[in-house]
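# Reading the structure
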Amino acid sequence: MRVDGTVASDDDGGRNGGGNTDYGSAWARVKRRLRAELGEDVFASWFARLELETVAGGTARLTVPTRFLKSWIESHYLDRVLNTFKAEVEEIARIEVGVRGTGAPVRPVAAGVAKAGPASGPLARLHATSAPIPVAAVAPTPEARGGEAGGDLSGTPLDARLTFASFVIGRSNALAHAAAERVANHLGEGALYNPLYLHAGVGLGKTHLLHGIGHAAREAGRRVIYLTADRFMYGFVNALKTQSALAYKERLRGIDLLILDDVQFIQGKSIQAEFGHTINALIDAGRQVVVASDRPPTELEALDERVRSRLGGGLVVEITALDEALRVSILSARLAAVRASHPGFDVSPQVAAYVARAITANGRDLEGAVNRLLAHATLTGTAVTMETAESAIRDLVKNREPKRIKIEDIQKLVASRYNVSRSDILSERRTAAVVKPRQIAMYLSKVLTLRSLPEIGRRFGGRDHTTVLHAVRKIEKQIGEDSVLGDEVELLKRMLQD
């Protein structure tokens, strides 16, 4: 039965089996429970892209976009997903996980079926001190092996459109662009700024620069591999399955330039350990490493401190928000590219200026705005006016990306507001003058950031997540009872968000 094939009746709430179960709503509840139980970071890494495809004969078929996610969920979370789903829909007795968009049939592992333990022997271990990763009892397909011994090292393909020539330079990204070009074109001994670490929010150009580095370095004859975090993790887990981990590591360390994107998604103690060993081996051998993330190394709390230190030991460059001049340049370049294939498409300077002023979040939204204006012009056959532009981009303006707030900033502001020091908030002091601002800072950290309770606890002097939960609930209760405190907390929120 398809997920959307039935509608739940009002009296069963979608929890009981039968022909009237709304599996889509039940799955939405399952994901909400997983998010609440596991925390935002774990959920975003492993479950945000997990989708329900069908339910038939008591078996729920779930899908993910990559083989690595399939393998990891099967190895670590399959029973948990089954039990959570079964609590919502009693008839669910089995879970299968498949990969979306693959032509080859997927042989899923079902929850409740015995899985093989970790591979044994030296090839299954990363290092003498590293624990092996449990792998599901699924024989890798030829496509998964990539046709190479020692794991798939083909990397993620580079996008031919994302070159230095197509990158629009402005004040917010000039330093990152200059560093990227220097690294890509360096042909002398050793490496420059090793590692080069770029960090920025979504759609600000860091991935474009990574692809530009890859294209330029390959044109210079250097051996380059570009990997997303998913691809890096999948390659290593697959090497463990095929008992070729040592060969995989040797091949990975035999390149001239490693480019790794979205490093914040690297999960698992053993994979993180191997990532650290690989980075150290390449840098020590004078090979270039380029890494990108959505945050600076110091905020990669899931990574081992030594790895964070190594990543921060090179050149760390932030790409900041696009200023209006850069947004105008990006928009002009995109409009010119579209006119080349649609000569009749015309946007007045006034409309272009309005779009550049209205859309401030990132370059992807600017691209989306151009596509919408083009769709209007081609589908209606009418000119693009200010009125139609306002209508076309209304949701892009409404969904403007909010300011990213750091826990450290929350702690500093609250400490200043209550005449205590930040070190007091992080200390073990339990006087009323310190406990109250500490709890307010924990509450604000929970509601204004995506950090999980355990992560917030670590940032508040290594406290347990239950301490943070107690503080959040206490402040929530007091806000409901004390309007003065409610106004005070609301003021702190506005100050942090401005």
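Rules and cut-offs
Residues numbered from 1 in each chain as written. Predicted model: local features only at pLDDT ≥ 70, side-chain atom pairs only at ≥ 80, totals over all residues. Heavy atoms only, no water. UniProt positions renumbered as here; feature names shortened; annotations may be inferred. 1 Å grid on protein atoms, 1.4 Å probe; cavity = no way out; pocket = protein on both sides within 12 Å on 5 of 7 lines; lining within 4 Å. Helix = DSSP H or I, 4+ residues; strand = E, 2+ residues; numbered from the N terminus. Buried < 20%, exposed > 50% of the residue type's maximum accessible area, 1.4 Å probe, protein only. Contact = heavy atoms within 4.5 Å. Points joined across faces, edges and corners; volume = space filled by probe spheres on them. Nonpolar A, V, L, I, M, F, W, Y, C, P; charged D, E, K, R; others polar. Domains from an automatic or database assignment. Core = buried A, V, L, I, M, F, W, Y, C linked by side-chain atoms within 4.5 Å. pLDDT = per-residue confidence, 0-100. Phe/Tyr/Trp six-rings, centres within 6.5 Å; stacked < 30°, edge-to-face > 60°. Salt bridge = Lys/Arg side-chain N within 4 Å of Asp/Glu carboxyl O. Axes fitted to C-alpha atoms, helices over the stretch in contact; angles between N-to-C directions. Parallel < 35°, antiparallel > 145°, perpendicular 65-115°, else oblique. Left-handed = near helix turned anticlockwise from the far one by under 90°. Expected span 1.5 Å × (residues − 1). Arc of directions from axis to C-beta. Polar contact = N/O pair within 3.5 Å; in protein donor to acceptor, adjacent residues only side chain to side chain. Pairing = 2+ DSSP bridges.

Moving on, we come to the UniProt feature "binding site: ATP" (unreviewed entry) in the protein chain. The positions UniProt marks with the feature "binding site: ATP" (unreviewed entry) are Gly203, Gly205, Lys206 and Thr207. Within the annotated group, the residues that form the lining of the second largest pocket are Gly203, Gly205, Lys206 and Thr207. Structurally, glycine 203 is set in the loop between β4 (196–199) and α7 (206–219). The exposure class assigned to glycine 203 is buried, which follows from its relative accessible area of 12%. Note that glycine 205 resides in the loop between β4 and α7. Glycine 205 has contacts with Phe167 and Ile319, leaving out every residue within four places of it along the chain.

Take the layout of surface pockets next. The volume enclosed by the second largest pocket comes to roughly 790 Å³. In terms of lining, the second largest pocket is formed by 23 residues, of which the most central are Leu162, Ser166, His208, Gly363 and Glu367. If you list the elements that add at least two residues to the lining of the second largest pocket, you get α7, α12 (324–341) and α14 (363–380). Per element, the largest residue contribution to the lining of the second largest pocket is five residues, and it comes from α12. Considered class by class, the residues forming the lining of the second largest pocket number ten nonpolar, seven polar and six charged. A domain split of the lining of the second largest pocket shows at least three residues from each of domain 2 (164–318) and domain 3 (324–399).

With that out of the way, let us pick up the nonpolar core. By size, the foremost hydrophobic cluster in this structure holds 54 residues, and its most contacted members are Phe47, Phe85, Ile95, Phe232, Ile271 and Phe275. There are two domains that each give this core at least three residues, and those are domain 1 (23–99) and domain 2 (164–318). Ignoring sequence-local partners within four residues, the contact set of phenylalanine 85 consists of Ala26, Trp27, Val30, Leu52, Ala60, Ile92 and Ile95. The next biggest cluster of nonpolar side chains, apart from the first, holds 51 residues, and it includes Leu196, Ala200, Val224 and Val384.

Bringing the confidence of the model for the protein chain into the picture now. Of all residues in the protein chain, 82% attain a pLDDT of 70 or more, and the chain-wide mean is 78. Predicted confidence for residues 4–19 stays below pLDDT 50, and this span has 32 contacts to residues more than four positions away or in other chains.

Further remarks concern the packing of aromatic side chains. Per the stated rule, a full pass over the model turns up three aromatic pairs. Relative to phenylalanine 275, the ring of phenylalanine 232 lies with its centre 5.9 Å away and its plane at 80°, an arrangement referred to as edge-to-face. Taken together, the residues span a long stretch of sequence, with phenylalanine 232 in helix α8 (residues 229–241) and phenylalanine 275 in helix α10 (residues 269–284) at a distance of 43 residues. Phenylalanine 275 carries the same exposure label as phenylalanine 232, and that label is buried.

Take the pattern of salt bridges next. Taken as a whole, this structure holds 19 salt bridges when the rule is applied. The shortest N-O distance in the salt bridge between glutamate 53 and arginine 61 comes to 2.8 Å. Under the relative-accessibility criterion, glutamate 53 is labelled partly exposed at 30%. The closest approach of N and O atoms between arginine 161 and aspartate 159, which form a salt bridge, is 2.8 Å. The partly exposed category is assigned to aspartate 159, whose relative accessible area is 23%.

For the rest of this paragraph, the subject is the packing of helix α1 (residues 23–38) against helix α4 (residues 78–88). Where α1 meets α4, the axes come as close as 9 Å, and the angle between the chain directions of the two elements is 130°. Overall, the two elements α1 and α4 adopt an arrangement that is oblique. Crossing hand, α1 versus α4: right-handed. Between α1, through Ala26, Trp27, Arg29, Val30, Arg33, Leu34, Glu37 and Leu38, and α4, the contact on the second element is made entirely by Arg80, Val81, Thr84, Phe85, Ala87 and Glu88. Split by residue class, the contact of α1 with α4 holds eight nonpolar, one polar and five charged.

The next point concerns α12. Between the first and last C-alpha of α12 there are 26 Å, a value that for 18 residues agrees with the 26 Å anticipated at 1.5 Å per step. Within the span of α12, buried status applies to Leu326, Arg327, Ile330, Leu331, Leu335 and Val338. The arc that holds the buried residues of α12, viewed along the axis, is 165°, so those residues lie on one side. Relative to its buried face, α12 has exposed residues pointing more than 90 degrees away, namely Ala325 and Ala340. With a side-chain oxygen positioned 3.2 Å from the backbone nitrogen of alanine 325, the residue opening α12 is aspartate 323.

Looking now at the sheet that holds strand β2 (residues 59–64). Read across the open sheet, the three strands follow the order β1-β2-β3; overall the sheet is mixed. Taken across any chain shown, the strands that pair with only one partner, and hence form the sheet edges, are β1 (51–56) and β3 (94–99). Geometrically, the sheet is characterised by an average inter-axis angle of 25° between neighbouring strands, direction not taken into account. Two strands pair when backbone bridges link them, and β1 and β2 are joined in this way by five bridges, in the antiparallel orientation. Looking across to β2, one finds that glutamate 51 is bridged to threonine 63. Together, β2 and β3 form the strand contacts of helix α3 (residues 67–76), whose direction differs from that of β3 by roughly 160°.

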